[in-house]
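Geometric and topological summary
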Amino acid sequence: MTTLTLKDPELPAPARPKPTATVRLAGWSLRHPLLAIGGWVVMVLLCVFGGNLAGMVQATDAQLAPGETGRAAAMITSAGLAGHDVESILITPKRGPADRRLLGDGTAPWRRDLAGALRVVPWVAGVAEAVPAPDGSAMLVQVTLKDGVDDPAPLLAAVAGVAGQNPDLRMEATGSLSIDADVNRQLSDDFSTALVRSLPITIVILLLAFGALLAAGVPVLLGVSCVLSAVGLYTVTSHVIPDGGRAAEMILLIGMAVGVDYSLFYLKREREERKLGRTGQQALTIAAATAGHSVVTSGIAVIVAMAGLFLLGDVNFASMAVGAIIVVAIAVLGSLTVLPAILGLLGERVDRPRIPLLGRLTMSSRPARIWPMLLRPALKFPAATLLIGVAAMVVLALPATGLKLKNSTIVDLPQGLPSVAAYERLSAAFPDERSSLNVVVQGPAEQSRTVIRRLEAATANNPAFLGQPAVRSAADTTVVSIAVPFGEESSRAGESLRTLRATVVPKALAGTTDVEVAVGGSIAGNADYLDELSSGAPWVIGFVVLMTFLLMTLSFGSVVVGLVTIFANLLSAGAAFGVLVLVFQSQWGADLLGFHLTGAVIAWIPVFLFVILFGLSMDYHVLVISRIKEASDQGMPIRIAVREGVGRSASVITSAAAVMIGVFAIFAGLNMIEFKELGVGLAAAVLLDAVVVRILILPALMALLGKANWWAPARLRRDGRSRVTTNQPGSFSR
């Protein structure tokens, strides 16, 4: 058994880094600090104001709809058959069904007042007569809207005015217009809440890490400026790839994490070198060559991982990928340019003003004792530690085998939203277990009529369908709406869809040559979306795993490092999925986080979570491997190199992970269920990755592998060169 000494080995003299791109960029910024800082400020302002001027382009329903459903929606829209939106006004007694007499009869004054108030709203196309609920506990007034309406405020104001005159009645609106408005307002509130809450949490963590106000403030300023500029630039790019509705929150989620972490890596390494006696310029030189390289590698890893989402061919995923790529690219650029300029101007003043006690602790040059103690099991008993650590992660991942997916529907929205609460009451008063499938027929008139007659005949007496289809036409396009006697999320509704697509439609098309048919509607949309994810997810996962392996292999000149990276990341992802199932498919999770339990996870979350986990975990994985490789290149035995590499990067990894966990935990506390799931999954993954993988599994595995850690084919060894050398003192060339 190898006995490990806890004494720090004597460090070689500081390095003259090779003139890599990161060193050259930092050198330019140091020589032109005002230009670098001024250019960054101008860029942020241009992005913000440019985004405000350009305005956001939202994806249409046809663009958001997947597969055949999207094709059907596009055909309906191009033919002008989309129809008008309808808002429902629900009228109920405030004291409950027992006071249903307050609803009155057909001559009740509120009926006349409500109809009159609604008809004077400019964009109301028609107001239907009030319809009583089957049990008489409520009344329903349906309002047809004109095209192009996007603001429910006038309608809500008209309803509120009549409700004020009838204090015993509750009058509330619900429908796609009012629900969309409430959801957008909730998203905006959540975005503001997340930004406001993330700042103090991040500042506190950085104060604990640096013990000085300026050192803590610089990463926060960089992170905030990255988010602001990325949101503005994303708004401009939405004119090419329209916004799917979730990208702004993703930019905040990722931007604050990587923006702060990248500058944290750089600042920590610069401070560490100054504590070892380097001059400010030497310290920045080494930070640019080492931490700067880690930032670039990590940033590329995140960008490549997010690019995998384009393989799904979905506008929503594409827009989130674009937002994430933009904010990561800006964060990398800022870390390599404006950050060295700021640090060069501040010099040692970056450690002012110091926080009492914290300042002394963080600036102490004495080696930390906690990390050698935590690493001792992995280095002294690597096989046992590896086995126990992997077994624990696998056990935590086991619940993921029971993962159930569902589309996001109105039941997943915050129940406190007025329009959502009204919808729940409407569904209770007017229960309707029906939904519909839209068959869009496009082609020559005679052939289209033949297809439509066959559709009507095939569905007339079929128990999978209900009643006579409704038909509406324009030019060469006809929409046949076929009712289904089941709720749109039920399995039997899915069976009706499969029957229609696999049997009824092919028979109806028999003998025709120029007719195009597409089946759409909400039932079809749900099925197509799940099919799109299930068929596209393996390609995305394969792409991300392969590209991560290639990036790490080429970056470190080692096939083994690439394989170890994939192994570690898969463990973290599996454990995160297990936590996701435990929290969001159980009642205790719903009680803890305050959401409506549906027993399933929103369908897009696992794919996005996997991609973002593979990207973000590279932040500190690259840093750890770089420090271990650096120590190994200096001639240390592998176990000593692992101890030194992990030990010397442990504090920055802890701080970086704490920042990420803090930001992600904020999202877990927001109102939208998607952000809760994303926040919990990411926070759990980062925590497990930073604690279990980086302190137990990775050190134990590398200790067992020994020199094999750096194995690569001869050609790769010849071509691969160490990115970091620390043998001679140096500075930026001027």
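Residues numbered from 1 in each chain as written. Predicted model: local features only at pLDDT ≥ 70, side-chain atom pairs only at ≥ 80, totals over all residues. Heavy atoms only, no water.

1. A word on the pairing of strand β4 (residues 139-145)
Most of β4 sits out of view: five of its seven residues are buried. As paired strands, strand β1 (residues 86-93) and β4 are joined by six bridges and run antiparallel to one another. Among the inter-strand pairings, Ile89 is bridged to a residue of β4, identified as Val141. Sheet topology note: the strand β2 (residues 124-127)/β4 ladder contains three bridges and is antiparallel. Note on β4: the bridge partner recorded for Gly126 is Thr144. Across two bridges, the pairing between strand β3 (residues 131-132) and β4 is antiparallel. The partner of Val131 across the bridge, within β4, is Leu140. (Buried < 20%, exposed > 50% of the residue type's maximum accessible area, 1.4 Å probe, protein only. Helix = DSSP H or I, 4+ residues; strand = E, 2+ residues; numbered from the N terminus. Pairing = 2+ DSSP bridges.)

2. Describing empty space enclosed by the protein
If you walk through the whole model with that rule in mind, you get three cavities of 30 Å³ or more. Of the voids in this model, the second largest cavity is the one considered here, and its volume is about 60 Å³. Lining the second largest cavity, in full, are Asn569, Ser572, Leu613, Leu616, Ser617, Tyr620, Phe664, Leu682, Ala685, Val686 and Asp689. Of all the secondary-structure elements, those providing two or more residues to the lining of the second largest cavity are α21 (559-584), α23 (604-616) and α26 (673-705). When residues of the lining of the second largest cavity are assigned to their parent elements, the largest contribution, four residues, is made by α26. By residue class, the composition of the lining of the second largest cavity is seven nonpolar, three polar and one charged. (1 Å grid on protein atoms, 1.4 Å probe; cavity = no way out; pocket = protein on both sides within 12 Å on 5 of 7 lines; lining within 4 Å. Points joined across faces, edges and corners; volume = space filled by probe spheres on them. Nonpolar A, V, L, I, M, F, W, Y, C, P; charged D, E, K, R; others polar.)

3. A closer look at the packing of helix α9 (residues 247-275) against α23
Two packed helices can be described by the angle between their axes and the distance between those axes. One way to put it is that α9 packs onto α23 with a least axis distance of 12 Å and a crossing angle of 20°. Taken together, the axis directions place α9 and α23 in an arrangement best described as roughly parallel. For the crossing formed where α9 meets α23, the hand is right-handed. Contact with α9, carried on its side by Met250, Leu253, Ile254 and Val258, involves Phe608, Ile612 and Leu616 of α23 and no other residues of that element. Partitioned by chemical class, the residues of the contact of α9 with α23 number seven nonpolar, no polar and no charged. (Axes fitted to C-alpha atoms, helices over the stretch in contact; angles between N-to-C directions. Parallel < 35°, antiparallel > 145°, perpendicular 65-115°, else oblique. Left-handed = near helix turned anticlockwise from the far one by under 90°. Contact = heavy atoms within 4.5 Å.)

4. Here's the deal with the environment of Ala153
Looking at where Ala153 falls in the secondary structure, it is placed in helix α6 (residues 153-165). Among the residues examined, Ala153 registers a relative accessible area of 38% and is labelled partly exposed. It is 8.6 Å that separates the C-alpha atoms of Ala153 and Ser178, two residues lying 25 residues apart in sequence.

5. Considerations on the pattern of salt bridges
This model, assessed by the stated rule, comprises 21 salt bridges. Notably, a salt bridge pairs Asp182 with Arg185, separated by 2.2 Å at the nearest N-O pair. Residue Asp182 and its partner Arg185 are both found in helix α7 (residues 176-210); the two are separated by three residues, about one turn of the helix. Assessed through its relative accessible area of 7%, Asp182 is described here as buried. Given the relative accessible area of 45%, Arg185 is considered partly exposed. Each of the salt bridges in this network shares a partner with another, and the network as a whole consists of Arg269, Glu272, Glu273, Arg278, Arg627 and Glu630. (Salt bridge = Lys/Arg side-chain N within 4 Å of Asp/Glu carboxyl O.)

6. Brief notes about the sheet that holds strand β8 (residues 466-474)
Taken in spatial order, the four strands line up as β8-β9-β7-β10 in an open sheet, and their pairing is antiparallel. Of all strands in the sheet, those bounded by a partner on one side alone are β8 and β10 (516-520). Geometrically, the sheet is characterised by an average inter-axis angle of 20° between neighbouring strands, direction not taken into account. Across the face of the sheet, helix α4 (residues 67-78) comes into contact with β7 (435-442), β9 (477-484) and β10 while running at roughly 110° to β10. Sheet strands in contact with helix α18 (residues 445-460) are β7, β8, β9 and β10, and its direction is about 155° off that of β7.

7. A few points about the environment of Leu103
Inspection of the secondary structure assignment puts Leu103 in the loop between β1 and α5 (109-119). Of the residues examined, Leu103 reaches a relative accessible area of 2% and is grouped as buried. Through-space distance from the C-alpha of Leu103 to that of Ala457 is 43 Å; in sequence the pair is 354 residues apart. Leaving out residues up to four positions away in the same chain, Leu103 has contacts with Ile91, Thr92, Pro93, Ala108, Trp110, Gly136, Ser137, Ala138, Met139 and Leu169.

8. Brief notes about the packing of aromatic side chains
This structure, assessed with the given rule, holds four aromatic pairs. Centre to centre, the rings of Trp604 and Phe608 are 5.8 Å apart; their planes meet at 70°, and the pair counts as edge-to-face. One end of the pair is Trp604 and the other is Phe608, both in helix α23 and four residues apart, which spans about a single turn. Of the two residues examined, Trp604 and Phe608, each falls in the buried class. Here the guanidinium or amino end of Lys268 rests over the ring plane of Phe210, the centre of that ring lying 5.4 Å away. Lying across the ring of Trp710, Lys629 places its NZ or CZ 5.6 Å from the centre. (Phe/Tyr/Trp six-rings, centres within 6.5 Å; stacked < 30°, edge-to-face > 60°. Lys NZ or Arg CZ within 6 Å of the ring centre and 35° of its normal.)

9. Side note on the nonpolar core
When a protein is soluble and globular, its nonpolar side chains tend to lie buried together. One finds Tyr262, Leu309, Phe317, Trp604, Phe608, Phe664 and Leu678 to be the most contacted residues of the largest nonpolar core, which totals 166 residues. Here this core takes 19 residues from α26, the largest share from any one element. In contact with Leu309, not counting residues within four places along its chain, are Phe317, Ala321, Val607, Phe608 and Val611. In this structure, Ile89, Val124, Leu145 and Leu169 belong to the second largest nonpolar core, which totals 28 residues. (Core = buried A, V, L, I, M, F, W, Y, C linked by side-chain atoms within 4.5 Å.)

10. Details of the packing of helix α15 (residues 370-380) against α26
Viewed as axis vectors pointing N to C, α15 and α26 meet at an angle of 55°, and their least axial separation amounts to 8 Å. Here α15 is positioned oblique relative to α26, judged by the angle of their axes. The way α15 lies across α26 gives a crossing that is right-handed. Two secondary-structure elements touch here, α15 through Trp371, Leu374, Leu375, Ala378 and Leu379 and α26 through Ile695, Leu696, Pro699, Ala700 and Ala703.

11. Quick word on helix α1 (residues 21-31)
Burial in α1 covers these residues: Thr22, Val23, Ala26, Gly27, Ser29 and Leu30. Along the axis of α1, the buried residues cluster in a sector spanning 165°; they form a single face. If you follow the buried residues of α1, they end up packed against α2 (33-54), α9, α10 (280-289), α11 (291-307), α12 (315-336) and α13 (338-346). (Arc of directions from axis to C-beta.)

12. A word on the confidence of the model for the chain
The predicted model of the chain has a mean per-residue pLDDT of 85, with 92% of residues at 70 or higher. Low confidence marks residues 1-15, where pLDDT is under 50. Its contacts with residues over four positions away, or in another chain, come to 40 contacts. Here residues 719-734 scores under 50 on pLDDT; set against residues more than four positions off or in separate chains, the count is 49 contacts. (pLDDT = per-residue confidence, 0-100.)

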